Amino acid sequence: MTDFVIFDVETTGLKPEDGHAIVELAAQRVRGREVIESFDTIVNPGRSVEAGAAAVHGISNEIIKKEGKSLIEVIPSFVLFSEGATLVAHNIKFDLGFINKHLRDLGLPLLNNPLLDTLELARQKVNIASYALGYLAKHFNIPQSTAHRALADVETARELLFKLLDLK
């Protein structure tokens, strides 16, 4: 049985190529339809969060200074957490772009896990006005606790994944 690692990042800004970095990383390892392990941490990327990004996810520079773990601690731990699993995210190119940028910066190999994008899967399975995670959650009656926080978005993406896989 294939394990899925459903993950999400919150960041200092939108572009890893411009030096933006992860400030929160969360994931759930799922076997069958059961969450068997969770990963959730605030990250101190060594740079400040842009005001626009902080307004979206609510993670302030103060929270990062108080709770954040270093990238050298978090990224290799995530690689071990996701070993042997299919990686799943909503708009996986965005999230994986940040993970792989940090792996490159740390001189570590890039992830080569199989990938599944719930955004692309939704585009294949349903025809609706928007494919944003929040819109899809409403469409499928998936409760959302807090949008734009990594673990909450992982939980929403997990429920969305199974709703989409159940569609013929």
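Quick note: structure is the one above.
What counts and what doesn't
- The written sequence of each chain sets the order in which its residues are numbered from 1.
- In keeping with the model being predicted, local features are shown solely for residues with a pLDDT of at least 70 and side-chain atom pairs are shown and tallied solely at 80 or more, while totals for entire chains, interfaces and linings include all residues.
- Side-chain metrics in this entry use all non-hydrogen atoms of the structure; hydrogen atoms and water are not considered.
- Between rings of Phe, Tyr and Trp, where Trp is taken as its six-membered ring, a pair exists when centres lie within 6.5 Å; planes separated by under 30 degrees are stacked, by over 60 edge-to-face, and by other angles tilted.
- Numbering of helices and strands runs from the N terminus, with a helix taken as a DSSP run of H or I at least four residues long and a strand as a DSSP run of E at least two residues long.
- Think of it in three bands: with a 1.4 Å probe and only protein chains considered, a residue is buried below 20% of the maximum accessible area for its type, exposed above 50%, and partly exposed in between.
- Any carboxyl oxygen of Asp or Glu that lies within 4 Å of a side-chain nitrogen of Lys or Arg is treated as forming a salt bridge with it.
- We call two residues in contact when some of their heavy atoms are within 4.5 Å.
- By arc we mean the arc of the directions from the helix axis to the C-beta atoms, nothing more.
- Pairs of N or O atoms within 3.5 Å make up the polar contacts considered here, provided that, within protein, one atom can donate a hydrogen while the other can accept it, and that residues adjacent in sequence are counted only when both atoms are side-chain atoms.

Colleague: Break down the packing of aromatic side chains for me, citing the residues and quoting the values.
Modeller: Under the defined criterion, the tally for this structure stands at 5 aromatic pairs. Centroid distance Phe39 to Phe81: 5.5 Å. Interplanar angle 50 degrees. Geometry classified as tilted. Here Phe39, found in strand E3 (residues 34-44), pairs with Phe81, found in helix H3 (residues 71-82); they are 42 residues apart in sequence, far enough to count as distant. The buried category is assigned to Phe39, whose relative accessible area is 13%. With relative accessibility at 7%, the residue Phe81 sits in the buried group.

Colleague: Residue-level account of the pattern of salt bridges, with values.
Modeller: Taken as a whole and judged by the stated rule, the model has 7 salt bridges. A salt bridge links Asp166 to Arg33; its shortest N-O distance comes to 2.7 Å. Of this pair, Asp166 sits in helix H7 (residues 150-166) while Arg33 sits in the loop between strand E2 (22-31) and E3, and the two are 133 residues apart along the sequence. Asp166 sits in the partly exposed class, given a relative accessible area of 44%. Using a relative accessible area of 48% as the deciding quantity, one classes Arg33 as partly exposed.

Colleague: Tell me what's going on with the environment of Thr2, and back it up with residues and numbers.
Modeller: You can see Thr2 is positioned in the segment before strand E1 (3-11). Placed 135 residues apart in sequence, Thr2 and Ala137 show a C-alpha to C-alpha distance of 24 Å. Ignoring sequence-local partners within four residues, the contact set of Thr2 consists of Val30 and Thr86.

Colleague: So, helix H5 (residues 118-125): which residues are in play, and what are the values?
Modeller: Among the residues of H5, Thr118, Leu119, Leu121 and Ala122 are the ones counted as buried. Viewed along the axis of H5, the buried residues span an arc of 165 degrees, placing them on a single side of the element. Check the buried side of H5 and you find it contacts strand E5 (86-89), strand E6 (115-117), helix H6 (133-139) and H7. The N-terminus of H5 is capped by Asp117, whose side-chain oxygen sits 2.9 Å from the backbone nitrogen of Leu119.

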